[in-house]
Amino acid sequence: MKITDIKIGFISVPLKTPFKTALRTVEAVNDIIVKIETDTGHVGYGEAPPTGVITGDTTGAIVGAIEDHIKKNLIGREIEEMEEMMKVIDRSIVKNNSAKAAVDIAIYDLYGQLYHAPIYKLLGGYRKEITTDITISVNDPEEMARDSIDAVNRGYKTLKIKVGKNTALDIQRIKAIREAIGYDIDIRIDANQGWKPKEAIQILRKMEDIGFNIEFIEQPVAAHDIEGLKLVTDHTNIPVLADESVFSPKDAMHIIQTRAADLINIKLMKTGGIYNALKICSIAEMYGIECMIGCMLESKVSVTAAAHLAGAKSIITKIDLDGPVLCKEDPITGGAIFDEYKITLTDEPGFGFKNIDKIKWK
Ligand SMILES: C[C@H](N)C(=O)N[C@H](CCC(=O)O)C(=O)O
Ligand SMILES: [Mg+2]
């Protein structure tokens with residue numbers, strides 16, 4: 001199975017409601033789709049979102065990285081040369097992890113087709129059903145309480161609450177949500193870098209004192225401020241999960257060895273795909289650090305890939321793969337089945353994509 005062409009397309013899927021974090025507000029998933037064609041007629045699909053505020057990757061940069069740097073180094077290569085191809089992608093251009101992830105995902109899709117097996121089974125086969133949380137956008141406390149009730153009514157048992165914007169409101173936000181949904185539902189919070197270290201410690205201690213029962217706090221401080229992250233980790237009992245501070249396996253190793261965080265959020269768009277994400281899983285496993293699998297605003301293509309990784313690896317104990325359920329429609333036939341909180345992997349070869357509607361090919 002030899003690569004003959006790599007095509008680029010674009011999908012645009014409106015969100016059910018605007019997605020708001022301390023970093024940005026988004027109304028639609030506008031992602032790049034990669035299609036890798038082979039001489040056997042098999043095709044592999046990948047996806048990359050232009051999450052400039054987190055990864056630095058823009059639509060133009062993702063397209064340019066693939067078309068001008070990665071593509072020419074992959075044409076003519078055999079899918080069975082997985083290890084070599086992953087090194088070629090990495091050497092083709094520095095950074096540009098979302099572009100690399102899209103290509104990596106499409107190659108894994110083909111790898112599974114080559115060996116007639118779903119990727120979660122090839123990588124470990126730990127489980128085929130996983131349960132995701134859902135994100136509650138940062139808004140005024142009353143609106144967040146209403147959104148939380150709606151999520152609970154739809155069956156979600158874990159909510160990921162966005163905070164870190166107009167931080168004076170953060171305690172009131174969680175208070176309103178707890179009053180609305182009670183204590184049977186797990187709450188994890190994500191500040192998306194919105195707090196200063198000492199401010200974070202103060203807010204988290206207050207949340208502990210009130211007894212909000214927070215499962216963990218995700219990325220309380222600026223991505224680059226590893227000392228600040230460690231300060232927060234050392235001064236609160238609420239576990240700290242590193243998101244924007246961890247892109248590469250080396251980042252994960254550093255955070256773990258310096259004990260700057262208690263947990264790691266793996267996202268394929270930060271690692272550059274499954275190949276490096278597997279390395280983070282192995283590092284985390286060695287140190288007994290549990291991981292979350294997360295996503296950006298992505299549709300079912302790349303989130304299916306992330307779900308297969310979660311299906312393969314037991315060190316991934318927390319799931320934040322709500323991208324597809326935040327979307328108003330699903331233009332993808334095949335892939336994992338996303339039914340609100342329940343994600344089911346299929347046993348189709350690769351990731352099992354059949355078709356993608358509404359792609360505008362370049
Ligand atoms: C969508 C997912 N639940 C999530 O919250 N991801 C954010 C980043 C999403 C983005 O801005 O595209 C996160 O974990 O920080
Ligand atoms: Mg996050």
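- As annotated in an unreviewed UniProt entry, the protein chain is Dipeptide epimerase from Marinisporobacter balticus.
- Per UniProt, the comment on the protein chain under Sequence similarities (unreviewed entry) is "Belongs to the mandelate racemase/muconate lactonizing enzyme family."

### Topic: the coordination of the magnesium ion (ligand 2)
For a metal bound by four donors in tetrahedral geometry, the ideal donor-metal-donor angle is 109.5 degrees, whereas six donors in octahedral geometry ideally sit at 90 or 180 degrees.
Turning to step 1, where the next piece is worked out: Of the protein atoms, only Asp-190 (OD), Glu-218 (OE) and Asp-243 (OD) coordinate the magnesium ion (ligand 2), at distances of 2.1 to 2.3 Å.
Turning to step 2, where the next piece is worked out: The sequence pattern formed by the donor residues of the magnesium ion (ligand 2) is D-x27-E-x24-D. Pair noted here: Glu-218 is in strand 8 (residues 214–218) and Asp-243 is in the loop between strand 9 (240–242) and helix 10 (249–257), with a separation of 25 residues, a long-range link.

### Some remarks on unusual backbone geometry
Turning to step 1, where the next piece is worked out: Backbone geometry places His-116, a non-glycine residue, at a positive phi of 55 degrees.
Turning to step 2, where the next piece is worked out: Relative to the elements of secondary structure, His-116 occurs in the loop between helix 4 (97–114) and helix 5 (119–122).
Turning to step 3, where the next piece is worked out: With phi around 50 degrees, Glu-340 is a residue other than glycine that occupies positive phi space.
Turning to step 4, where the next piece is worked out: Locating Glu-340 in the fold gives a position in the loop between strand 14 (337–339) and strand 15 (342–344).

### What to know about the UniProt feature "binding site: substrate" (unreviewed entry) in the protein chain
Turning to step 1, where the next piece is worked out: When the UniProt feature table is mapped onto this chain, "binding site: substrate" (unreviewed entry) is found at Arg-24, Thr-135, Lys-160, Cys-295, Leu-297, Asp-320 and Asp-322. Restricting the annotated residues to those that line the largest cavity leaves Arg-24, Thr-135, Lys-160, Cys-295, Leu-297, Asp-320 and Asp-322.
Turning to step 2, where the next piece is worked out: Summarising the element assignment, Cys-295 is placed in the loop between strand 11 (291–293) and helix 13 (300–312).
Turning to step 3, where the next piece is worked out: In contact with Cys-295, not counting residues within four places along its chain, are Lys-267, Val-303, Asp-320, Leu-321, Asp-322 and Gly-323.
Turning to step 4, where the next piece is worked out: In contact with Leu-297, not counting residues within four places along its chain, are Leu-15, Phe-19, Arg-24, Val-26, Val-29, Asp-31, Pro-49 and Leu-326.

### What to know about the UniProt feature "active site" (unreviewed entry) in the protein chain
Turning to step 1, where the next piece is worked out: The sites that UniProt annotates as "active site" (unreviewed entry) are Lys-162 and Lys-267. Lining the largest cavity, from the residues named above, are Lys-162 and Lys-267.
Turning to step 2, where the next piece is worked out: Excluding anything up to four places from it in sequence, Lys-162 contacts Phe-19, Lys-20, Thr-21, Thr-135, Ile-136, Ser-137, Val-138, Met-144, Asp-190 and Asn-192.
Turning to step 3, where the next piece is worked out: Side-chain polar atoms of Lys-162 contact the side chain of Asp-190, separated by 2.8 Å.
Turning to step 4, where the next piece is worked out: Inspection of the secondary structure puts Lys-267 in the loop between strand 10 (263–266) and helix 11 (268–271).
Turning to step 5, where the next piece is worked out: You can call Lys-267 buried: its relative accessible area is 4%.
Turning to step 6, where the next piece is worked out: Apart from residues no more than four positions distant in its own chain, Lys-267 is found in contact with Asp-243, Gly-294, Cys-295 and Met-296.

### With respect to empty space enclosed by the protein
Using a probe with the size of a water molecule, rolled over the atoms, empty space left in the structure can be pinpointed.
Turning to step 1, where the next piece is worked out: All chains considered together, the criterion is met by one cavity of 30 Å³ or more.
Turning to step 2, where the next piece is worked out: Here the largest cavity is characterised by a volume of approximately 190 Å³.
Turning to step 3, where the next piece is worked out: Together, 22 residues line the largest cavity, and Phe-19, Lys-162, Lys-267, Cys-295 and Met-296 are the ones closest to its centre.
Turning to step 4, where the next piece is worked out: Where the lining of the largest cavity is concerned, the elements lending two or more residues are helix 1 (52–55), strand 6 (158–162) and helix 14 (323–326).
Turning to step 5, where the next piece is worked out: Taken together, the residues of the lining of the largest cavity break down into eight nonpolar, five polar and nine charged.
Turning to step 6, where the next piece is worked out: The residue makeup of the lining of the largest cavity includes at least three contributed by each of domain 1 (3–116) and domain 2 (121–356).

Cut-offs used in this document
- Residues numbered from 1 in each chain as written.
- Chains lettered and ligands numbered in written order.
- Predicted model: local features only at pLDDT ≥ 70, side-chain atom pairs only at ≥ 80, totals over all residues.
- Heavy atoms only, no water.
- UniProt positions renumbered as here; feature names shortened; annotations may be inferred.
- Donors = N, O, S within 2.8 Å, 3.2 Å for Na, K, Ca; no water.
- Helix = DSSP H or I, 4+ residues; strand = E, 2+ residues; numbered from the N terminus.
- 1 Å grid on protein atoms, 1.4 Å probe; cavity = no way out; pocket = protein on both sides within 12 Å on 5 of 7 lines; lining within 4 Å.
- Contact = heavy atoms within 4.5 Å.
- Polar contact = N/O pair within 3.5 Å; in protein donor to acceptor, adjacent residues only side chain to side chain.
- Buried < 20%, exposed > 50% of the residue type's maximum accessible area, 1.4 Å probe, protein only.
- Points joined across faces, edges and corners; volume = space filled by probe spheres on them.
- Nonpolar A, V, L, I, M, F, W, Y, C, P; charged D, E, K, R; others polar.
- Domains from an automatic or database assignment.

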